[in-house]
Amino acid sequence: MMRSRRRPSFTTVMLVLGLLFLYLPMVVLVVYSFNESRLVTVWAGFSTQWYGELFRDQQILSAVWTSLEIAFFAASMAVCLGTVAAFVMTRYGHFRGKTALSSMVTAPLVMPEVITGLSLLLLFVQMAQLIGWPADRGMATIWIAHTTFCSAYVAVVVAARLREVDRSIEEAAMDLGSPPVKTFFFVTLPVIAPALAAGWLLAFTLSLDDLVIASFVSGPGANTLPMVVFSSVRMGVSPKINALATLIILTVSLATLLAWYFMRRSEAKRQSVIQQGEGV
Amino acid sequence: MMPSRIAGFIKRLHLGRRAVIAFPLVWLTLFFLLPFALVLKISLSESAIAIPPYGPLVEYADQTLNIFLNLGNYLFLLSDSLYVAAYWGSIKTAFVATVVCLLIGYPMAYAMARAPGRLQLILLLLVMLPSWTSFLIRVYAWMGILSNSGLINNLLMGLGVIDSPLRMMNTQFSVIVGIVYAYLPFMVLPLYAHLTRLDNSLLEAASDLGSRKLNTFLKVTLPLSMGGIIAGSMLVFIPAVGEFVIPELLGGPDTLMIGKVLWEEFFLNRDWPVASALAMVMLLLLLVPIVWFHRYQSRELEE
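Small disclaimer: the values here were computed from a predicted structure and weren't measured.

Undergrad: So what exactly am I meant to see when it comes to the overall build of chain B here?
TA: Within chain B one finds 14 helices and two strands. Taken over the C-alpha trace, chain B has a radius of gyration of 26 Å; the compact-globule value for 303 residues is 19 Å, which it surpasses by more than 25%. The C-alpha extent of chain B, read off along each of the three principal axes, is 80 × 75 × 40 Å. In chain B, which comprises 303 residues, the share counted as buried stands at 45%. Across chain B, the fraction of contacts at a sequence separation of at least 24, relative to all contacts at a separation of at least 6, is 72%.

Okay, structure coming up:
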């Protein structure tokens, strides 16, 4: 460093305060999940009883399963759709419909959820009238809705990676006679695989988290986890929800830690390869 | 292997290329664009006690084709001060929350971009991690913190600072805190992306030429991070205008927001045409910010 600073800079202080602001409420959630009292705000001693109650709550457990199932399939489809959209946007130059496509890829990122939810519901109702499908709204309609808005996020993540990738490798493969499909699967895809994984995970969490759109397009048959949590939270604070929150925070933290570990390792590997190259 | 004749035929037609373009284009047209046309259509129809609860737009009877375009829903929105107040309340609240997010998020992103390389990834993950947990639960956390018998009031009363609880829950304040809390990561992320790309030599040049720190910030850093400011602000402002969960859980009678009004119009009153008209007007109000965001984002996407 050019000069030593005794006082931390204003921006560093703000960063620390900002992180505290982001994390303290989550810490409070976790702490009170171990509270014996039903009153979430009064500490009455350590207890894990709310976790026991959480695991006996059939409604929550089946909602968790429904949500995971929808999120898995929505994320998988969103990765296909989003990757193709990103590829078309970054590699195909100009074509008819490009402006329309790029608008439809970026608009869902900011579209208020109530509008997306309402519009999709109206579509499903109209479709049911015209072609008889979907007769019942439920997991399938939520899957379509989630796939649609998640694919926009995937497209942004994958497009960012596609722009970074050195295009000359793809061009070299094509020059050597590799057909476009083969080039995509054997040259492009391996390089952008980390972005696909990141996009899948992002889509998965977005789908798991969605309340508003799912509430619009769901029928009586399918209750996702946010829908169950919402109806409980509306009635006020409940330690069972705190226990659930703790488990969610724990899972996400572990997954993030794992992702960080792998990113650091691959970065270290890359560095050592570069150094070896320089040594030669 | 594919017979070369068929392969050649497919190549001539550009069938592969077209199919690849068509896949996302058709899906998004069907499930994103077309639904908006339906919202427009139903906003122009009359509410009816039927399944689905709206009247037809086109009717053919007695050899006459009747087309009904009912503007009543829109006129109704204008005539009832509740809706106007809700739109105004949403825009005001979202605007204040966006400014607060920017004031907190910019210095955070700046410090992150200036941090040593290895630390940057950790900081980025730390900022993003909350947004990967549950939005609903993060909003719920504030119910326990801000309520009359909540953490802050208990703490302050325990310390003897106040005698009676401060009313923070179900106010404008709690809604803004909720929005800032929930959307802060989306402000920091684009700002950070822009600030890391900032060429350090420009700052050095400015300082070599005798520019003072504040001056350099205002004339070099700020203009160069404008793209991030716009993207971050739109990522907060636009969804916040239509926010439902936060005003529902943290808001009260005096925090009228349009997302909540639309929800209630749809789920409680079952008035689909009015809910559709509300959505159309919201979309119209948000058109400029959405186009602004899109212009920035598509540049990012295609560059």
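Undergrad: For this particular structure, what's the right way to read the UniProt feature "transmembrane region" (unreviewed entry) in chain A?
TA: Residues and elements named next belong to chain A. In the numbering adopted here, UniProt assigns the feature "transmembrane region" (unreviewed entry) to residues 12–34, 70–88, 109–128, 140–162, 183–203 and 241–262. End-to-end, the C-alpha atoms of residues 70–88 are 27 Å apart, and along that stretch the chain is 100% helix and 0% strand. Secondary structure content for residues 140–162 is 100% helix and 0% strand, while the C-alpha to C-alpha distance between its ends is 31 Å.

Undergrad: How should the confidence of the model for chain B be read in this particular structure?
TA: Low-pLDDT stretches of the model should not have their predicted coordinates read in fine detail. Of all residues in chain B, 94% attain a pLDDT of 70 or more, and the chain-wide mean is 87. Interface confidence for the predicted complex, expressed as ipTM, amounts to 0.89; the pTM equals 0.90.

Undergrad: Would you take a moment to explain the UniProt feature "transmembrane region" (unreviewed entry) in chain B for this structure?
TA: All names here are of chain B. Following the UniProt record, the feature "transmembrane region" (unreviewed entry) maps to residues 20–40, 85–109, 121–141, 173–195, 216–241 and 272–293 here. A distance of 30 Å separates the end C-alpha atoms of residues 20–40, which is 100% helix and 0% strand. The distance separating the terminal C-alpha atoms of residues 85–109 is 35 Å; by composition the span is 100% helix and 0% strand.

Undergrad: Mind showing me how you'd approach the environment of I230 of chain B here?
TA: Residues and elements named next belong to chain B. Within the secondary structure layout, I230 lies in helix α11 (residues 226–241). In the structure, I230 is positioned 106 residues away from L124 in sequence and 20 Å away in space, judged by C-alpha atoms. Aside from chain neighbours lying at most four places away, what touches I230 is W292 and Y296.

Undergrad: Can you help me understand the environment of A193 of chain A in this one?
TA: Residue and element names in this part refer to chain A. In this fold, A193 is placed in helix α8 (residues 180–209). Its 11 C-beta neighbours within 10 Å are what place A193 among the exposed residues. For the pair A193 and F95, spaced 98 residues apart in the sequence, the C-alpha separation amounts to 26 Å.

Undergrad: Help me understand the interface of chain A and chain B in this model?
TA: By a frequent convention, interface size equals the accessible area lost on bringing the separate parts together. Listed per partner, the contact involves 67 residues of chain A and 75 residues of chain B. Tallying contributions element by element places helix α1 (residues 10–33) of chain A first for the side of chain A that touches chain B, with 13 residues. Taken together, the residues of the side of chain A that touches chain B sort by class into 49 nonpolar, 15 polar and three charged.

Undergrad: Looking at this model, I keep getting lost on unusual backbone geometry. Mind explaining?
TA: Of all residues except glycine, most have a negative phi; of all peptide bonds, most are trans. W133 of chain A connects to P134 of chain A through a cis peptide bond whose omega is -5°. Topologically, P134 of chain A is positioned in the loop between α5 (113–131) and α6 (139–164). Even without being a glycine, N170 of chain B presents a positive backbone phi close to 60°. Its place among the elements puts N170 of chain B in the loop between α7 (151–158) and α8 (172–197). N170 of chain B gets classed as buried once you count the C-beta atoms within 10 Å, which come to 20. Although it is not a glycine, R270 of chain B adopts a positive phi angle of roughly 50°. The partly exposed category is assigned to R270 of chain B, around which 13 C-beta atoms lie within 10 Å.

Undergrad: Sorry if this is basic, but what is going on with the UniProt feature "domain: ABC transmembrane type-1" (unreviewed entry) in chain A here?
TA: Per the UniProt record, "domain: ABC transmembrane type-1" (unreviewed entry) is annotated on residues 64–259 of chain A. This span, residues 64–259 of chain A, is 82% helix and 0% strand, and a straight line between its end C-alpha atoms measures 23 Å.

So, how was this worked out
Residues numbered from 1 in each chain as written. Chains lettered and ligands numbered in written order. Predicted model: local features only at pLDDT ≥ 70, side-chain atom pairs only at ≥ 80, totals over all residues. Helix = DSSP H or I, 4+ residues; strand = E, 2+ residues; numbered from the N terminus. Rg over C-alpha atoms; globule rule 2.2 N^0.38 Å. Buried ≥ 20, exposed ≤ 12 C-beta atoms within 10 Å, placed from the backbone. Contact = placed C-beta atoms within 7 Å. UniProt positions renumbered as here; feature names shortened; annotations may be inferred. pLDDT = per-residue confidence, 0-100. Nonpolar A, V, L, I, M, F, W, Y, C, P; charged D, E, K, R; others polar.

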